[in-house]
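Observations on the three-dimensional arrangement
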Amino acid sequence: MKKILLFAPILFLLSCGHDPAQQQENKKLNNLAVEYVRLGLAIGQYDSDFVDAYYGPDSLKPKQVIDKKADFPKDSLLANTNILMNELKVISTSSKIDSNKMRADWMINQLVAFGRRIRIFSGEERPFDEESKELFGVAAPVYDEDHFKAQIALLDSILPGKGRVSERFQKLANKFIIPKDKLEPVIKAAIAEARKRTMAHYTLPKGENFTLEFVTDKPWSGYNWYKGKYQSTVQINTDLKIFIDRAIDVGSHESYPGHHVYNMLLEKHLYNEKGWVEISMYPLFSPQSLIAEGSANYGIEVAFPGDDKVMFAKSVLLPLAGLDTAGIDLYFKALAIKGELNYARNEAARGLINNTMSKDKALNYLTKYCLMNDETANKSISFIKKYRSYVINYNYGQDMVKNYIEKNGGTAKNPAKRWELFGKLLSNEVTTDQLLQK
């Protein structure tokens, strides 16, 4: 099949014309989209982590404020989820309109995740892979220790000194910790560069902006709170040491061309221009997060391809942070290898959730194979306890997005095509099945 055909259901939405039957179907689908949003907001009244962002009309919000002590209406919420899914399946199987079928399938997949999250919130847990399949549409690959040992051996061969690889890596990394009094200018400089590179390829909505905040006592390193109307609040957690590479990574991931751009393009193209109300509510535990986190991580490579990260760190960020550039090339070379170890975090999460790994063993896994220091490993355990199988979205999601873009011509050798395909991915309702299509 020609490559262009793979993108046809995503990029080329057919006009519905003036056929009465089609208009009736459109009306039905829009009504179901409204019910989808209402259901998600109702779940969010009980599960405070459920709704990550909402910028739709106030009229869809629950009319009554729920008492925090009120019983969680698991059965009625599940029943409403199933009813809505069944109605959408009718449209999915019978519609002759590509865009309607796409919307129905996208909401169906999201609703599968609604059901699993409702059960998790009420105390019903399933094994890691089954949970991630229902929440995010995929189960991440499993890697044994031999896979990680091979990468550790590679690091061992390039790091100076003797002793444990994790300790030698930390010794190198510690040369590039951003002083706290330099955090704001360094991160702002990284975001400004990422924005400039993004705007060279995309026309962003007029008036778009974000507020940068530094926070503490959070289980994550950075977070984008999208507010709607092309505004975000980007929070950076300063509990942990922030290394020079993280200024680029967190800045790009949370802002340009990451979460801020992703949410803006969806709001502009789907909500404002097409009136697809379902996109106004972003449920955190859903396949949408695999796209969001995967694209935000891959977006770092899109914005800073090849050696651009190390060159920018050398020429701008390190001098701004008052840090020496000696050893930075080796550090970034080690980081590239360390990136291959990210799946070890999945294995720690899989072990904790499946009760096959103790907390101490998980911590050892994170320090030994993810090369985390003790404080970062403990923070990662806190993240896993709160967000569970969500961890797969960062690594497997990134790999899925990368493969999807590159197998259709968006390679490093064709950066213009890469930016083009990446932008289209960020602007449409894409399912995990579509990412995996060959």
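In short, a report on the structure. (Residues numbered from 1 in each chain as written. Predicted model: local features only at pLDDT ≥ 70, side-chain atom pairs only at ≥ 80, totals over all residues. Heavy atoms only, no water.)

This part takes up the packing of aromatic side chains. Within this structure, the stated rule accounts for 29 aromatic pairs. Between the aromatic rings of Tyr36 and Trp106, the centroid separation amounts to 6.2 Å while the plane-to-plane angle is 55 degrees, which identifies the pairing as tilted. On the criterion of sequence distance, the pair formed by Tyr36 in helix α2 (residues 20-46) and Trp106 in helix α4 (residues 98-121) is long-range, its members being 70 residues apart. A relative accessible area of 0% means that Tyr36 is categorised as buried. Residue class for Trp106 comes out buried when judged on its relative accessible area of 3%. Considering the side-chain rings of Phe136 and Tyr390, the 5.6 Å spacing of their centres and the 85 degrees angle between planes classify their relative orientation as edge-to-face. Residue Phe136 is located in helix α5 (residues 128-136), and its partner Tyr390 is located in the loop between α16 (374-387) and α17 (392-406); the two are separated by 254 residues in the primary sequence. Its relative accessible area of 0% is what places Phe136 among the buried residues. Since its relative accessible area comes to 2%, Tyr390 is described here as buried. By way of ring pairs, the aromatic residues Phe136, Phe285, Phe383, Tyr387, Tyr390 and Tyr394 are connected into one cluster. The lysine or arginine in question, Arg117, covers the ring of Phe285, its NZ or CZ lying 3.9 Å from the ring centre. (Phe/Tyr/Trp six-rings, centres within 6.5 Å; stacked < 30°, edge-to-face > 60°. Helix = DSSP H or I, 4+ residues; strand = E, 2+ residues; numbered from the N terminus. Buried < 20%, exposed > 50% of the residue type's maximum accessible area, 1.4 Å probe, protein only. Lys NZ or Arg CZ within 6 Å of the ring centre and 35° of its normal.)

Quick look at the packing of helix α14 (residues 343-353) against α16 now. For the pair α14 and α16, interaxial distance at closest approach is 10 Å and the crossing angle is 55 degrees. Relative to α16, the element α14 lies oblique. Where α14 crosses over α16, the two elements pack in a sense that is right-handed. Facing α14, whose interface residues are Arg345, Ala349 and Leu352, α16 presents Ser380, Ile381, Phe383 and Ile384. Classifying every residue of the contact of α14 with α16 gives 5 nonpolar, 1 polar and 1 charged. (Axes fitted to C-alpha atoms, helices over the stretch in contact; angles between N-to-C directions. Parallel < 35°, antiparallel > 145°, perpendicular 65-115°, else oblique. Left-handed = near helix turned anticlockwise from the far one by under 90°. Contact = heavy atoms within 4.5 Å. Nonpolar A, V, L, I, M, F, W, Y, C, P; charged D, E, K, R; others polar.)

Now for the pairing of strand β3 (residues 222-228). Buried residues dominate β3, accounting for 5 of its 7 residues. Both β3 and strand β4 (residues 231-237) contribute to a ladder of 6 bridges, which runs antiparallel. Directly across from Asn224, in β4, lies its bridge partner Val234. Between β3 and the antiparallel strand that follows it, β4, lie 2 residues; Lys229 among them carries a positive phi value of about 55 degrees. (Pairing = 2+ DSSP bridges.)

Omega for the peptide link from Tyr256 to Pro257 comes to 0 degrees, which places this bond in the cis form. Looking at where Pro257 falls in the secondary structure, it is placed in the loop between α9 (244-254) and α10 (259-272). Positioned with a positive phi, Tyr230 is a non-glycine residue whose angle comes to about 70 degrees. Note that Tyr230 resides in the loop between β3 and β4. Backbone geometry at Leu371 places phi at a positive 60 degrees, although glycine is not the residue there.

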